[in-house]
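Now for the letters of each chain:
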Amino acid sequence: MKFAELSALYHRPLFDLISQSRAVHLQHWPGEEVQRCSLLSIKTGGCSEDCAYCAQSAHYFTGVEREELLSLENVLAAARRARSQGATRFCMGAAWRGVRDGSGKFECVLEIVREVSQLGMEVCVTLGEIGPVEARKLKSAGVTAYNHNIDTSPEFYPEIVSTHTFQNRLDTIAAVQKSGMSVCCGGIIGMGESETDRLRMLEVLSNFDPPPDSVPINCLMPMPGTPLADQPPVDIFELVRLIAVTRIALPKARVRLAAGRTRISREGQALCFFAGTNSIFYGDKLLTAKNPAADVDVVLLRELGLQPQGVTAS
Ligand code: SAM
Ligand code: SF4
């Protein structure tokens, strides 16, 4: 979709906009289904990059300690736990700029993926920059989807990161698309970007060929010690509008309400689901940030009459 179309949608009266996005949603998805994904940090902290929102960057004193890659046993235990709590997608994140074929750490990740993919959940990884060889090997090891967010507009990106470029992100996404892995790509709002930046981000995402299968919308979790530590929370109606426009622009994508749900009321989350969200991250921790407790989410979904994917209605 073009910027002008996205902007016209975004500025419609709120109820008209969310009625339209709900109609699009119901054409493409079972209206009540919500996928629960679990996210595990398999390699935490000490990252070479300077992403201004990130507690794992080695450029800032955030209190997040650098850790080694988790062992296969620990990752498998976490994946089994997530499955028993109802997750149907298991995502593993590493605080790396990227990973290259031939390195010991890449071999370890491939081994982890081979084992985790036997558990019957969708397997997603987010390891930073990769090229065509890494993408092909990850796919044959059993990865379903690769997450690599563009995070914001091409224009605002240099304000947020100086150690790599927006084009670097696009190159990795192209390698993932070529391998046949599904692309999970979205961004963050609340970093000081303008409304234009948010819509430009959607313009870029909706013009991917093929479009991403999964679009996480994160609200900034301001992390102490990072340059964005004092950013105010995102206005709920701005978030709902963005989710609705995402649903219309990317009708077949899972729209994931990702980081930042701890700062959104139950009523706010309900509006997000109505506007087009059909996935949440589930479990008490999101990489290094807080997330609502799993039992709180179970109650919320039940009260809204939403149906967790993979659980039959009773
Ligand atoms: N290093 C890899 C990369 O940069 O792609 C993978 C891990 S990175 C932590 C994954 C994503 O988490 C980022 O692209 C960003 O969208 C999101 N994220 C990280 N810190 C965040 C924060 N404080 N608030 C909101 N989203 C955040
Ligand atoms: Fe590193 Fe990823 Fe955090 Fe950027 S977002 S500092 S690349 S872990």
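Just so it is clear, the model here is predicted, and its values are computed rather than measured.

Undergrad: What is the right way to read the site of ligand 2 from this model?
TA: Neighbouring residues of ligand 2: Cys 47, Glu 49, Cys 51, Tyr 53, Cys 54, Ser 57, Ala 95 and Trp 96. For the shell around ligand 2, a count of residues per class yields 6 nonpolar, 1 polar and 1 charged.

Undergrad: Whenever I open this one, the packing of aromatic side chains confuses me. Can you help?
TA: Geometrically, a pair of aromatic rings is defined through the distance of the ring centres and the angle of the planes. Throughout the structure, instances matching the rule amount to 1 aromatic pair. Taking the centre distance of 5.6 Å and the plane angle of 75° together, the rings of Tyr 157 and Phe 166 count as edge-to-face. The class for Tyr 157 is buried, based on a relative accessible area of 2%.

Undergrad: When you look at the pattern of salt bridges in this model, what are you seeing that I'm missing?
TA: Once the charged atoms of two side chains with opposite charge are near each other, the side chains can pair. Evaluated as defined, the whole model comprises 14 salt bridges. Here Glu 129 and Arg 97 are joined by a salt bridge, their closest N and O atoms 3.0 Å apart. Pair noted here: Glu 129 is in the loop between strand E3 (122–126) and helix H5 (132–141) and Arg 97 is in the loop between strand E2 (89–94) and helix H4 (104–116), with a separation of 32 residues, a long-range link. We classify Arg 97 as partly exposed; its relative accessible area is 33%. Where salt bridges share partners, they join Glu 49, Arg 97 and Glu 129 into one cluster.

Undergrad: Whenever I open this one, the nonpolar core confuses me. Can you help?
TA: Note on soluble globular proteins: their nonpolar side chains tend to be buried together. Ranked by size, the top nonpolar core spans 88 residues in total, and within it Phe 90, Met 92 and Leu 138 carry the most contacts. Looking at this core, the element that brings in the most residues is helix H9 (residues 236–249), giving 8 residues. Discounting chain neighbours no more than four positions away, the residues touching Phe 90 are Ser 38, Leu 40, Val 75, Ala 78, Ala 79, Ala 82, Val 116, Met 121, Glu 122, Val 123 and Cys 124. Listed in part, the 7 residues of the second largest apolar core include Leu 39, Cys 91, Cys 124 and Ala 258.

Basis of the calculations
Residues numbered from 1 in each chain as written. Chains lettered and ligands numbered in written order. Predicted model: local features only at pLDDT ≥ 70, side-chain atom pairs only at ≥ 80, totals over all residues. Heavy atoms only, no water. Near = heavy atom within 4 Å. Nonpolar A, V, L, I, M, F, W, Y, C, P; charged D, E, K, R; others polar. Phe/Tyr/Trp six-rings, centres within 6.5 Å; stacked < 30°, edge-to-face > 60°. Buried < 20%, exposed > 50% of the residue type's maximum accessible area, 1.4 Å probe, protein only. Salt bridge = Lys/Arg side-chain N within 4 Å of Asp/Glu carboxyl O. Helix = DSSP H or I, 4+ residues; strand = E, 2+ residues; numbered from the N terminus. Core = buried A, V, L, I, M, F, W, Y, C linked by side-chain atoms within 4.5 Å. Contact = heavy atoms within 4.5 Å.

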